[in-house]
Amino acid sequence: MVIYIGTPIATIAILIALFWISRILCGKNSNTSSTVTPPRLIEFSMEELRQATNNFDMANTIGHGCYGVVYTGLIGDKIVVIKREWCGLQPRFLAEVYTENFVDFIGNNLCICDILWYVSQVSYMSKIQHRNLVNLLGYCCDDENQLLVFEYMVNGSVRDYLDASRDLTFKKRISIALDAAKGLLHLHNLDPPVQHKRFTTSKVLLDADLNAKVSDPGMLGLLEARDLRLVNPRGGLAETIDVFSFGLFLLELITGEKPDVFESNEEIVQWILPRMFTRSSFKPYMKITLECLNYPAIDRPKMDVVVTELETIYQNEVISEDRGVALGSELFNITIE
């Protein structure tokens, strides 16, 4: 009886396993080699993304980075950001836009051929969810193309916003810093912890209400697979790299200027000294900034401490505003000698 019942069950189990293996290896249909849709994600067809970007028209291009070219697109009535890996681009397109050396670099370093590995990385990225992280909405993956679809942040990056010389009060700058800090803290609190390692003002995006979100969370695995030298500020291991980068972010956010690459505490002080801050409310801000940039790296605070300090600074601004004082809430360019 045991043999009679067990044999068909085992056979069915084997058939199911073979079915799913064939689905993974061969794809749902002739147009794609990927069938494992990560949680919360939409698996888009290449045709859908072509239509969304008007056949990847250059007019839809908003930038490029280590992963590839970045486009805006329209899917239904929703604006999205589509990142297309370099390997999926035609050499003629690259030659028209970039130098020959850069095209050769792309061809030698940026191709990913293991589709199953790619989908597993995307699946991992999809599990990293937080209100202060840019949401990954979907992906497209076949033998020739790998694309990622993210939510669109209407006000672009903090760096772009600062370059546009738009008015930002001290209170709003603290709010942006706090949002970004919470995004990094979430990454560091994951099990295992995730480091961004590419954190800059260009990686913090703003929505219509100037709420900030950290972009490209969890993309480090995709980029490291290309053997790239990732942008990496000096000093420290693991999360201390992100903390140092966050200190640079705080300097850039408050001054509007891109800081130097510092090698020591003395260099940091020399850069800051000409920018004397005249409002008392800047003192705790500069204190946590310098702590993030501290050498040796082991002396830097963890992101939970940074978040707590920024929350205190923000609440003090709110209290001062309620009292009609609002120290430091004027436009920032008024508060520097």
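Keep in mind that this is a model prediction, so the values were computed, not measured.

**Digging into the nonpolar core**
- Ranked by size, the top nonpolar core spans 48 residues in total, and within it F246, F249, Y285 and L310 carry the most contacts.
- Of all the secondary-structure elements, those providing two or more residues to this core are α6 (158-163), α7 (170-189), β7 (204-206), β8 (212-214), α9 (239-255), α10 (265-272), α11 (282-292) and α12 (303-322).
- Among the elements that take part in this core, α7 stands out by supplying ten residues, more than any other.
- Excluding residues within four positions of it along the chain, L310 makes contact with I174, A177, L178, A181, F246 and I288.
- Core analysis: the next-biggest nonpolar cluster, separate from the first, contains 19 residues, I115, V119, M125 and V134 among them.

**What to know about α10**
- Listing the buried residues of α10 in full gives I268, W271 and I272. Looking straight down α10, one finds its buried side chains confined to an arc of 95 degrees; they lie on one side. In α10, those exposed residues whose orientation departs by more than 90 degrees from the buried face are E266 and Q270.

**Some thoughts on the pattern of salt bridges**
- The tally for this structure, following the rule as stated, stands at eight salt bridges.
- A salt bridge links K83 to D216; the shortest N-O distance between them is 2.4 Å. Of the two residues, K83 sits in strand β4 (residues 78-85) while D216 sits in the loop between β8 and α8 (220-224), which places them 133 residues apart along the sequence.
- Relative accessible area serves as the criterion here: at 6%, D216 is assigned to the buried category.
- We note a salt bridge from D216 to R198, for which the minimum N-O separation is 3.5 Å. Of this pair, D216 sits in the loop between β8 and α8 while R198 sits in the loop between α7 and β7, and the two are 18 residues apart along the sequence. Of the two residues, D216 and R198, neither departs from the other in class, the shared state being buried.
- The network of salt bridges with shared partners includes K83, R198, K203 and D216.

**A word on the environment of Q121**
- Secondary-structure assignment places Q121 in helix α5 (residues 115-126).
- Along the sequence, Q121 and L220 sit 99 residues apart, while their C-alpha atoms lie 9.7 Å from each other.
- Those residues in contact with Q121, other than ones at most four positions away along the chain, are G221 and L222.

**Overview of α7**
- With 20 residues, α7 ought to run about 28 Å at 1.5 Å a step, and its terminal C-alpha atoms sit 28 Å apart, in line with that.
- Most of α7 is tucked away: 16 of the 20 residues are buried.

**Considering the confidence of the model for the protein chain**
- When pLDDT is averaged across the protein chain, the result is 77; 68% of the residues are at 70 or more.
- With pLDDT under 50 throughout, residues 90-110 is counted as low confidence; its partners more than four residues away or in other chains account for 25 contacts.
- In this model, residues 325-337 is a region of pLDDT below 50 whose contacts with residues beyond four sequence positions or in other chains number 41 contacts.

**Side note on the pairing of strand β5 (residues 136-141)**
- Across the six residues of β5, six count as buried, placing the element largely inside the fold.
- Pairing between strand β1 (residues 42-43) and β5: two bridges, direction parallel. The residue bridging I42 from the neighbouring strand is G138, located in β5.
- As judged from the five bridges shared by β5 and strand β6 (residues 146-151), these two strands associate in the antiparallel manner.

Thresholds, definitions, all that
- Residues numbered from 1 in each chain as written.
- Predicted model: local features only at pLDDT ≥ 70, side-chain atom pairs only at ≥ 80, totals over all residues.
- Heavy atoms only, no water.
- Core = buried A, V, L, I, M, F, W, Y, C linked by side-chain atoms within 4.5 Å.
- Buried < 20%, exposed > 50% of the residue type's maximum accessible area, 1.4 Å probe, protein only.
- Helix = DSSP H or I, 4+ residues; strand = E, 2+ residues; numbered from the N terminus.
- Contact = heavy atoms within 4.5 Å.
- Arc of directions from axis to C-beta.
- Salt bridge = Lys/Arg side-chain N within 4 Å of Asp/Glu carboxyl O.
- Expected span 1.5 Å × (residues − 1).
- pLDDT = per-residue confidence, 0-100.
- Pairing = 2+ DSSP bridges.

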